[in-house]
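A closer look at the structure
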Amino acid sequence: LTKSRGGLVGLAALGVAYVYRRFGRLAALIPVVLVVGALLAGPGRLQNMTASDDSAQGRIQAWSAGLEMLKSSPVLGVGFDQFVTRNDLVAHNSFVHVLAEVGLVGGVFFVGMFYWCLVGNGSLRNVAGAAVSPRALDLWASCIGVIVCACFLSRQYSPVLYVPLALGAVRMSVDQEP
């Protein structure tokens, strides 16, 4: 409804990740082709994606401002909800936004939550039977989608961002062997 390109890219990443884990590398090319076709044939803002677009330039400048904030206060950041007081636009990148506002200390925890969810629900380390759990497959793909969305949207204070992370923790707890 909002014609969010970042949301569409995140949804596409979720689809590709799910198909990749479920059916393999070759099958994952099918959703990639479908997404590229939808982007080329889609209406509105999707056809007008260029680096010189005002929206793209604003994001690049906001990312730069966020990284400057991190440089000015690297350990604890500039403070909660201070990004918009120091820059006209939000970062449109949750990772840059978090690093600017809470510094490297908060950034490590923020990135660590996603890492923990990916590892705990991924098949490589098989945490709590993740390699054979259909729930783990779904949560891993959801986490990929949320990470990609977080790269294009400032949603670090939205509960929706943390739902896959919480569900991943619950899955690890429920699926543990006695």
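Everything discussed here concerns the structure shown above.
A brief look at the structure comes next. Fair warning: this is a prediction, and the values are worked out from it, not measured in the lab. (Residues numbered from 1 in each chain as written. Predicted model: local features only at pLDDT ≥ 70, side-chain atom pairs only at ≥ 80, totals over all residues. Heavy atoms only, no water.)

1. Observations concerning helix α1 (residues 5-23)
The condition is simple: Segments assigned H or I by DSSP are reported as helices when at least four residues long, segments assigned E as strands when at least two residues long, and all are numbered from the N terminus. For a helix, the expected span equals 1.5 Å multiplied by the number of residues minus one. For the exposure calls, accessible area comes from a 1.4 Å probe over protein chains only, and a residue counts as buried if that area is under 20% of its type's maximum, exposed if over 50%, partly exposed in between.
When the terminal C-alpha atoms of α1 are compared, their 26 Å separation across 19 residues agrees well with the 27 Å that a helix rising 1.5 Å per residue should span. Taken together, the buried positions of α1 are occupied by Arg 5, Gly 6, Gly 10, Ala 12, Ala 13, Ala 17, Val 19 and Arg 21. Positive phi shows up at Gly 24, right after α1, with a value of about 110 degrees.

2. As for the nonpolar core
For soluble globular proteins, the rule of thumb is that nonpolar side chains tend to be buried together. We count it as follows: To define a nonpolar core, start from buried Ala, Val, Leu, Ile, Met, Phe, Trp, Tyr and Cys residues and group those joined through side-chain atoms within 4.5 Å. Any pair of residues with heavy atoms lying within 4.5 Å of one another is described as a contacting pair.
Listed in full, the 11 residues of the largest apolar core are Phe 95, Val 98, Phe 110, Phe 114, Cys 117, Cys 143, Val 146, Ile 147, Ala 150, Leu 161 and Leu 165. Leaving out residues up to four positions away in the same chain, Cys 143 has contacts with Phe 114, Cys 117, Leu 118, Pro 164 and Leu 165. Counting 7 residues, the second largest nonpolar core, distinct from the first, contains Val 78, Ala 91, Val 96 and Ala 100.

3. What to know about the pattern of salt bridges
Where charged atoms from two side chains of opposite charge approach closely, those side chains can pair. The criterion, for reference: Salt bridges are counted wherever a side-chain nitrogen of Lys or Arg sits within 4 Å of a carboxyl oxygen of Asp or Glu.
A complete count under the given rule lists 3 salt bridges for this structure. Between Lys 71 and Glu 68 there is a salt bridge whose closest N-O contact spans 3.5 Å. Here Lys 71 and its partner Glu 68 are both found in helix α3 (residues 54-72), 3 residues apart, which amounts to about one turn of the helix. For Lys 71, a relative accessible area of 62% translates into the label exposed.

4. What to know about helix α5 (residues 94-121)
Filter applied, for reference: At any given residue, the bend is defined as the angle formed between two axes, one fitted to the seven residues that end at that position and one fitted to the seven that begin there. Nitrogen and oxygen atoms within 3.5 Å of one another constitute a polar contact, given that in protein one can donate a hydrogen and the other can accept it, and given that sequence-neighbouring residues count only through two side-chain atoms.
Given a rise of 1.5 Å per residue, 28 residues ought to cover 40 Å, yet the end C-alpha atoms of α5 are separated by just 22 Å, more than 12% below that figure. Of all the bends in α5, the greatest, near 130 degrees, is centred on Gly 103. Capping the start of α5 is the job of one residue whose side-chain oxygen sits 2.9 Å from the backbone nitrogen of Phe 95: Asn 93.

5. So, the side chain of Asn 87
Tracing the sequence through the fold places Asn 87 in the loop between α4 (83-86) and α5. One polar contact links the side chain of Asn 87 to the main-chain carbonyl oxygen of Leu 89, over a distance of 2.9 Å.

6. Details of the packing of aromatic side chains
Quick reminder of the rule: Paired rings are identified among Phe, Tyr and Trp, the last through its six-membered ring, by centres lying within 6.5 Å, and are further divided according to the angle between planes into stacked (under 30 degrees), edge-to-face (over 60) and tilted (the rest). Two thresholds decide whether a charge sits over a ring: the Lys NZ or Arg CZ must be within 6 Å of the ring centre and within 35 degrees of the ring normal.
In the structure shown here, the tally under the stated rule is 4 aromatic pairs. Note on Phe 80 and Tyr 157: the rings are 5.0 Å apart at their centroids and 70 degrees apart in plane angle, and the pair reads as edge-to-face. One end of the pair, Phe 80, is in the loop between α3 and α4; the other, Tyr 157, is in the loop between α6 (134-150) and α7 (159-174), with 77 residues separating them in the sequence. An aromatic cluster of three or more residues is present, and its members are Phe 95, Phe 110 and Phe 114. The ring of Trp 140 is capped by Arg 21, whose NZ or CZ atom sits 5.1 Å from the centre of that ring.

Shape is all these values report; function is a separate question.
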